[in-house]
Each structure stands twice: as structure tokens, then as C-alpha cells.
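In case you want the letters, here they are:
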Amino acid sequence: MSQSKFIHESKMLARLSGPIVVGQVGQNLITLADTIMVGALGSVALGASAFAGSVFIVFLIFGLGMLAPVTALFARMQGQENYPYGGVLLRHSVVVALAVSAFIIGLLYALLPNLKVFGQTHEVLEMGAAFFEITIWSVLPSLLYQSYKQFTDGIGKTKVAMYVMIFGVVLNIAGNWVLIHGLYGFPKLGLNGAAWATLIARCLMALIMITYVHLHPHFKKYLVERWVHRFDHHLLKNIIRLGLPNGFTYLFEVGAFSAAAVMMGWFGSTPLAAHQITISLASTSFLITLGIGIAASIRVGFELGRGDYSLARFAGFTAIKLGAAYMSLCALGFFFLREWFPTFYVTDHDVIAWAAKFFVVVAIFEIFDGIQAVAIGALRGMSDTQWPSIIAFFAYWVMGLPGGYLLAFHLGVGPVGIWIGLLLGLIFASVLLTWRFHILSKRFLKN
């Protein structure tokens, strides 16, 4: 009985996470398409887009993190079958998205004249500033799209955002081709054409999501209240209360891996190139785990809404086991094929040798990365975001990075020490996050 229950729950998680993973891959394909197509314009253009994008993405990720916990609130509403409240929640999440967008856009415009503090060359700064200014405006449609995606994902309609994302990828590639090179009567915009293509794609994606949700008959039972109805300030505060720590959790993780890359660069270009290859492949494998984590938040939130606390706990732990099992398979692949994977990127034997050393650590790293990512999703399903944020800070910034620095530069381990430090941080995070879910889910059962 227990095995059949596990299989059934696993199928539900796979059904939810599959379209989410496709959407995550689509998000990466937009960035990849921009990189490949801008690369044809030369190294300065590529450097400018990479620089502007790396600064921009930190702020965008914070905004996306702010909205992520709302998925579980929608799932809980679905479990309670309180469908009109779904429309109320959507309306308030849109307001938060608009407010966060305005805040981030203001920050980015304040940063725009000060990009020189990042120490880039004059050519990169000159091209990057114009690209950056256009990209700034894609914050608004990105967060509006995310608001509606949280809604459709939370009620189990995860394919909606997937199809819209696929459309966005195709549109972005076509827009890049036309606007970069000035085809079909459009002006030849070069690097800025890629920024405009991405902005247009994100605007249309948001517009399609909004139109579909408000016009499709399936969603009528959620949108019964007029959108000019007064706002519930308590609900707005609750969304922000959940969102702020989650946004910082995203920042702590992204910032830690960026800092690790900086430290790796102190050893020279060869270990840095190997590090970039390693993190690129590790990030690709992580996309499926991320989808399982989002599915976990939906399942846990839904069962809490139904009042089935035992099944909510079971769903969370099933997701954590699936994440660990999948990443264990990835770990075996990275370990046994550690000298083959880097050849997809380079032929330099020194870079390949360093990447192979990193992959030995990454093989263990993957397992704990999968556990912590899914555990965070399960905790989001319980509307617990503050402690995961604190744990992430300690894992990356108190243990991982300082530990890696100590091993790499003071204990003679060298570049591999940076990866060992990140591994230690992830072990700490995965253990505490899983324990946190265990304690909270047991508390629900007792109450």
C-alpha cells in the first residue's frame, strides 16, 4: 500500500513538474539564443550583453523570488475549493508585482549611470549601457507574467505557462534575427536589437497570459469579484512577508555562485574556464530538480488546503526523495563521464583536466543540491520562507564561501577547495531544510 501510494504521488509530481521544467528550459533558451546570436556581432558585443545581463538578472531573480511563494497560496486555495478567493489572491499578487517592478526599475535606473563601478572596459560599458537600459523595462512584463504563471501553476494548470514560454522562445529567436540584422524593412539595431526582441517577447508573453486567464471559461469561477474592489492590506502584507525572505534566498544562492566564480578567477583563466563548464552542466541538471521543488510546493499547499496534513507531509517527503534519486543519477553520470563532458565545450587538455577534478566534487554536490532545492519548495508549500532564507545565508555566506576560501587559499587545496566549500554549505542546507520540513509537518499533524 505504501509503495503504491509512493508511485501515485510520484506520478502526480511528475505531471505537475514536467511542464514547469519545459518552461524553465525555455527561459534558459532565451538567454542562450541571445548569447549565440549576439556572439556573431563580435567579442565586444558579447561581453557587453553578458555584463549587462549578469547585473540585470540579480535584480530580476529577486523579483521572481518575491512572487514564488504565492504559488503555494493558490494551491491551498484550490485544496479548500474557495475558488473566488483565487481571483482575490491573483489581483493582490498583480499589485505586488507592479510595486516590485516599479521598485526594481527605479533601482536599475539609479544604477545605470554608475555601471563603471564594475570596472568594465569603455567599449563594453558604452554598448552595455544602451542594452541595459532597454532590458530594464522587461522587468514589468516578466513579473506580470510570473504573477499569472503562479496562478495557473498553483491550480494545477502548469501547461498554460509552458505553451506561452515556448511561444516566447520562438518569438525571441525570430525577433533577434530580424532586429539584429535589420531584415524585412526593420532597422538594423545590432546588439540593441537583441534587447528589443527580448522586451517584445516578454511583453507579448505577459499579454497572452493575462488575456488567456481572463477570457477562458475555465477561470470564470475564480474571477467573480470586480478587480476595482477594495484591497485587503493584510493580504498584501502577507504576500510581501512571504516573498521578501524568498527573494533573499534566491539572491544568497545566485550571489554565492557568482562570488565563487570571482574567487576561481584568482587562480587564472584555465580553472575559471573549467569552473564555468562545470557550473553550466550542473545548472542544466538542476532544472528538473527545480521543477520538482515547485511541484512539491503545489502538492503540499493543495493538501494543506484540503486539511489532509498527513498527505501533505507524504507529498513533501516523496518529492525530496525523487529529487535526491534524480540527482544521484546525475551524480553517477558526472563522476564516470567527468573527462568526456568538458569536451563538448573545449579541446584544451588543461581545462578538461581541471573540470574533471571539479566533477568529482560535483558528483556529491548534486545529491545535496537536489535535496535542498526540493525541501525549500516543500517548505514554501507550508508558507515557510523566513527560516529557509536564514539557512541559505548561513549555508552559502557563513560556511560555503568562507570555507571554500580557507581551503583554496590557506590550506593548500587549490581551486577544488572552492567547490568543496560549496559542497559543505549544501550539506548544511539540505540537512537543516529537510529537518525543518519534518518538524513543521509533524506540528501540523499534532494540531
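Since this is a predicted model, take the numbers as computed values, not measurements.

Undergrad: For this particular structure, what's the right way to read the overall build of the chain?
TA: A tally of helices and strands in the chain yields 14 helices and 0 strands. Secondary structure elements of the chain occur, N-terminal to C-terminal, as α-α-α-α-α-α-α-α-α-α-α-α-α-α. Counting only C-alpha atoms, the chain reaches 55 × 55 × 35 Å along its principal axes. Across the 447 residues of the chain, 53% fall into the buried class. Partitioning the contacts of the chain with sequence separation of at least 6, the portion at a separation of at least 24 is 83%.

Undergrad: It is not clear to me how the pattern of salt bridges should be interpreted in this structure. Could you clarify?
TA: Pairs may arise between side chains of opposite charge once their charged atoms sit close together. Applying the stated criterion to the full structure yields 6 salt bridges. A salt bridge links R306 to E303, with the nearest nitrogen and oxygen atoms 2.5 Å apart. Placement of both R306 and E303 in helix α10 (residues 269–306) is noted, with a separation of 3 residues, approximately one turn of the helix. Given a relative accessible area of 2%, E303 falls into the buried group. In this structure, the salt-bridge partner of D384 is R436, at a minimum N-O distance of 2.9 Å. Here D384 is found in the loop between α12 (349–381) and α13 (386–409), whereas its partner R436 is found in helix α14 (residues 416–446), with 52 residues between them in sequence.

Undergrad: Sorry if this is basic, but what is going on with a nonpolar patch on the surface here?
TA: A surface patch of nonpolar side chains, about 930 Å² in accessible area, is lined by L329, L332, F335, F336, L337, W340, F344, Y345 and V360. The element that contributes the greatest number of residues to the nonpolar patch is helix α11 (residues 309–336), accounting for 4 residues.

Undergrad: Which parts of the structure should I look at to understand the packing of aromatic side chains?
TA: Describing an aromatic ring pair means giving the distance of the ring centres and the angle of the ring planes. A complete count under the given rule lists 25 aromatic pairs for this structure. Ring geometry for Y309 against F444: centres 5.4 Å apart, planes inclined by 45°, an arrangement best described as tilted. One end of the pair, Y309, is in helix α11; the other, F444, is in helix α14, with 135 residues separating them in the sequence. An aromatic cluster of at least three residues, connected via ring pairs, comprises F74, Y83, F151, Y212, F219 and Y222. For K221, the ring lying beneath its charged end belongs to Y83, and the centroid distance is 4.2 Å.

Undergrad: What is the right way to look at the environment of K149 in this model?
TA: Tracing the backbone shows K149 in helix α6 (residues 139–154). Taking relative accessible area as the criterion, K149 reaches 9% and is therefore assigned buried. Sequence spacing of K149 and E81 is 68 residues, and the spatial spacing of their C-alpha atoms is 19 Å. Those residues in contact with K149 that lie beyond four places of it in its chain are A161 and M209.

Undergrad: Can you help me understand the nonpolar core in this one?
TA: By size, the foremost hydrophobic cluster in this structure holds 64 residues, and its most contacted members are L90, F132, L143, Y145 and F151. Sorting elements by how many residues they give to this core places helix α4 (residues 83–111) first, with 11 residues.

Undergrad: Honestly, helix α9 (residues 233–265) in this entry has me stumped. Any pointers?
TA: Helical geometry: 3.6 residues make up each α-helical turn, so side chains three or four residues apart lie on a common side. Under the 1.5 Å per step criterion, the end-to-end length of α9 is 47 Å for 33 residues, consistent within 8% with the ideal 48 Å. You can read the cap of α9 off the contacts: a side-chain oxygen lies 2.9 Å from the backbone nitrogen of H234, and it is on D232.

Undergrad: Can you walk me through the packing of α9 against α12 in this structure?
TA: Pairs of packed helices are described in terms of their axes, by the angle between the two and the distance that separates them. Between α9 and α12, the least distance of the axes is 12 Å, while the angle of their chain directions is 165°. The angle between α9 and α12 falls in the class roughly antiparallel. With respect to the hand of their crossing, α9 and α12 are arranged in left-handed fashion. Contacts between α9 and α12 involve N246, T249, Y250, E253, F257 and M264 from the former and F358, F365, D369, Q372, I376 and R380 from the latter.

Undergrad: Before we go on, may I ask you to explain the packing of helix α1 (residues 2–39) against helix α2 (residues 43–67) in this structure?
TA: Running from N to C, α1 and α2 point in directions that differ by 155°, and their axes come no closer than 8 Å. When the interaxial angle is binned, α1 and α2 end up roughly antiparallel. Every residue of α2 that contacts α1 at T35, V38 and G39 is listed here: A45, L46 and S49.

Undergrad: Hey, could you run me through the side chain of N172 in this one?
TA: Among the structural elements, N172 can be located in helix α7 (residues 158–181). Filtering out sequence-adjacent residues up to four positions away, N172 remains in contact with I30, A33, D34, A197, T198 and A201.

Undergrad: For this particular structure, what's the right way to read α12?
TA: For α12, built from 33 residues, the straight-helix expectation of 48 Å at 1.5 Å per residue is met to within 8% by its first-to-last C-alpha distance of 46 Å. Burial analysis of α12 places 24 of its 33 residues in the buried class, which makes it a mostly covered element. Its side-chain oxygen at 2.8 Å from the backbone nitrogen of D350, D348 defines the N-terminal cap of α12. Positive phi shows up at S383, right after α12, with a value of about 60°.

Undergrad: Please explain the side chain of R202 as it appears in this structure.
TA: Among the secondary structure elements, R202 is positioned in helix α8 (residues 191–215). On the accessibility criterion, R202 (14% relative accessible area) is buried. With near-sequence residues (within four places) excluded, R202 lies in contact with Q27, F56, L60, S138, P141 and S142.

Undergrad: What exactly am I supposed to notice about unusual backbone geometry here?
TA: Leaving glycine aside, a negative phi is the common case for residues, and trans is the common case for peptide bonds. For Y184, which is not glycine, the phi torsion reads 55° and is therefore positive. Relative to the helices and strands, Y184 is located in the loop between α7 and α8. For S383, which is not glycine, the phi dihedral falls at a positive 60°. By the element assignment, S383 lies in the loop between α12 and α13.

Cut-offs applied
Residues numbered from 1 in each chain as written. Predicted model: local features only at pLDDT ≥ 70, side-chain atom pairs only at ≥ 80, totals over all residues. Heavy atoms only, no water. Helix = DSSP H or I, 4+ residues; strand = E, 2+ residues; numbered from the N terminus. Buried < 20%, exposed > 50% of the residue type's maximum accessible area, 1.4 Å probe, protein only. Contact = heavy atoms within 4.5 Å. Salt bridge = Lys/Arg side-chain N within 4 Å of Asp/Glu carboxyl O. Patch = residues over 30% accessible without salt bridge, like charges linked within 9 Å, V, L, I, M, F, W, Y side chains within 5 Å. Areas by Shrake-Rupley, 256 points an atom, 1.4 Å probe, with all protein chains shown as cover. Phe/Tyr/Trp six-rings, centres within 6.5 Å; stacked < 30°, edge-to-face > 60°. Lys NZ or Arg CZ within 6 Å of the ring centre and 35° of its normal. Core = buried A, V, L, I, M, F, W, Y, C linked by side-chain atoms within 4.5 Å. Expected span 1.5 Å × (residues − 1). Polar contact = N/O pair within 3.5 Å; in protein donor to acceptor, adjacent residues only side chain to side chain. Axes fitted to C-alpha atoms, helices over the stretch in contact; angles between N-to-C directions. Parallel < 35°, antiparallel > 145°, perpendicular 65-115°, else oblique. Left-handed = near helix turned anticlockwise from the far one by under 90°.

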